[in-house]
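# Chain and residue survey
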Amino acid sequence: MMLRKVGFAEIAAAVLQNLRTNTDYACYDAVARDTPSPFLFVEVVGKRDASSKTLYKEIFTVQIHAIATPGDARTEIYGMIQAAEESMTERISMPDGITLVMQTETGVQSLQQDETNEWHAVLSYEIMVSYGLKCKI
C-alpha cells in the first residue's frame, strides 16, 4: 500500500545535496540575477507515472544547469559538466518509505553562450522512485 508520494521539492533537495557534497561549486535551487558564476542550479521540470502491474513508480525529470564564468574558453564549462556527471554517479538519498529505483543521465540538452558571455550547459536526468507494492483488497 502506498503511504505517500515524494514531491518535486524533495527530489530537488536530494540532487542539490548530492552536488553540494560531491562538487566544489555553489549549488542553488533559485538564482538571483547578480549571483557570481561559476555555479550549478537544479530544477525539476516534470514527472510521469511509470507504475507496473505490481509497483507504484514515478519518473522525475531533473535538469542541472552549469553556469561558467564569463569568457570565450569552454574549458571551465567542460569541467563543470564532468563534475556534475561524476557527482550524479552517486545515488541520491530518498526520504523514508521511498525507494530510489534508478537515476539515469539522459544527456547534455544544450550548451550555449548566454548574453552575459557565460557558458551555460543543461544536463538532464531521470530519477525513478517506487512507493511500494500494489495490493489487492
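Residues numbered from 1 in each chain as written. Predicted model: local features only at pLDDT ≥ 70, side-chain atom pairs only at ≥ 80, totals over all residues. Heavy atoms only, no water.

## Some details on the packing of aromatic side chains
Inspection of the entire model under this criterion finds three aromatic pairs. On the basis of an interplanar angle of 80° and a centroid distance of 5.8 Å, the ring pair of Phe 8 and Phe 60 is categorised as edge-to-face. One end of the pair, Phe 8, is in helix α1 (residues 8-22); the other, Phe 60, is in strand β3 (residues 55-67), and 52 residues separate them in sequence. The interplanar angle of 75° and the centroid separation of 5.8 Å between the aromatic rings of Tyr 28 and Phe 39 together place this pair among those described as edge-to-face. (Phe/Tyr/Trp six-rings, centres within 6.5 Å; stacked < 30°, edge-to-face > 60°. Helix = DSSP H or I, 4+ residues; strand = E, 2+ residues; numbered from the N terminus.)

## Considering the nonpolar core
In this structure, Ile 11, Ile 64, Ile 127 and Val 129 are the most contacted members of the largest nonpolar core, which totals 32 residues. Taken together, the elements giving at least two residues each to this core come down to α1, β2 (39-49), β3, α2 (75-87) and β5 (119-133). Top element by residues in this core is β5. It accounts for seven residues. Excluding anything up to four places from it in sequence, Ile 127 contacts Ile 11, Glu 58, Ile 59, Phe 60, Val 62, Met 88, Ile 92, Leu 100, Met 102 and Gln 103. (Core = buried A, V, L, I, M, F, W, Y, C linked by side-chain atoms within 4.5 Å. Buried < 20%, exposed > 50% of the residue type's maximum accessible area, 1.4 Å probe, protein only. Contact = heavy atoms within 4.5 Å.)

Any functional reading would require information that these geometric values do not contain.
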